[in-house]
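# Analysis of the macromolecular model
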Amino acid sequence: MKKILLTLTLALIASTSFAQDIKLPVPNMKQQSLSVVEALQTRHSVRDFDAAKELTDQELSNLCWAACGVARDENHRTAPTARNLQEIRLFAFTKKAVYEYDAKANVLKKKADGDHRALMASNGGNAGFRQDFVMDAPVTLLMVIDYDLFGSQNELAMQMGCVDAGNVSENINLYCQSVGLATVPRATHDKDGIRKLLGFTDKQLPIMNNPVGYEKK
Ligand SMILES: Cc1cc2nc3c(=O)[nH]c(=O)nc-3n(C[C@H](O)[C@H](O)[C@H](O)COP(=O)(O)O)c2cc1C
């Protein structure tokens, strides 16, 4: 009897935590958008976000897919990576929680409760430089180089990780421009604070982020 109760309790705990993940709708491949050439011609950084305008789950799905979702077949992504090692992990910081994008499952998996967007405002410590506008963006997408996935942390791995993260960030830049969303690619964030929150070791390097939302008019 005790065993059954324990199993039921564990199952309940598991289903509760899964319930906090976000199963994203299928990305919309037919959405209205500028051509690649038009997006290239007009892309620009925006640092003034409308804090009152959230993104829908459909918009989040489209955005994460554009960043580094599954494309062509199960083994390829919208963003290329060196030797197709797919070592860039994507995290979404929202008002409610921090999630990791699971591209194959099309799910945002919850990694931490609460609003941690302030970790994106500065480089942490006593650094004076702050960009509090990031707290107005409903979501900030963070790119993390995972050297465990790359299989090495030598100089070449470090270089390739940076290039690959840049590819993901540029996908976000061009996608946002093409559908009327606002973003800015950024290297400012509190690496140590993020590492602590998400339980990273020195094998995971937060490298770039893109706050995304609607521009304040
Ligand atoms: C690697 C990289 C790091 C950046 N870091 C920041 C940043 O921390 N904060 C910021 O406001 N903009 C940042 N930017 C945005 C640049 O300042 C911006 O892209 C540049 O001024 C050109 O403007 P544009 O994007 O409108 O063409 C960064 C851009 C890149 C490519």
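The preceding data block contains the structure.
Presented here is an overview of the structure given in this document. (Residues numbered from 1 in each chain as written. Predicted model: local features only at pLDDT ≥ 70, side-chain atom pairs only at ≥ 80, totals over all residues. Heavy atoms only, no water.)

## Some words on the nonpolar core
By size, the foremost hydrophobic cluster in this structure holds 36 residues, and its most contacted members are Leu63, Leu90, Leu108, Met143, Val168 and Ile172. Elements with a contribution of two residues or more to this core: helix H3 (57-68), strand S2 (88-94), strand S3 (97-102), strand S5 (139-146), helix H4 (147-150), helix H5 (155-179) and strand S7 (204-213). Counting residues in each nonpolar core, the second largest holds 19 residues, with Leu119, Met120, Ala121 and Val134 among its members. (Core = buried A, V, L, I, M, F, W, Y, C linked by side-chain atoms within 4.5 Å. Buried < 20%, exposed > 50% of the residue type's maximum accessible area, 1.4 Å probe, protein only. Helix = DSSP H or I, 4+ residues; strand = E, 2+ residues; numbered from the N terminus.)

## So, the pairing of S3
Most of S3 sits inside the fold, with five of its six residues counted as buried. As paired strands, S2 and S3 are joined by three bridges and run antiparallel to one another. From the neighbouring strand, Phe91 faces S3, where its bridge partner is Glu100. Here S2 hands over to S3 after two residues, the two strands then running antiparallel side by side. Inspection of the sheet shows S3 paired to strand S4 (residues 107-113) by six bridges, in the antiparallel sense. Among the inter-strand pairings, Val98 is bridged to a residue of S4, identified as Ala112. Adjacent in sequence and paired antiparallel, S3 and S4 are bridged by four residues, among which Asn106 carries a positive phi angle near 55°. (Pairing = 2+ DSSP bridges.)

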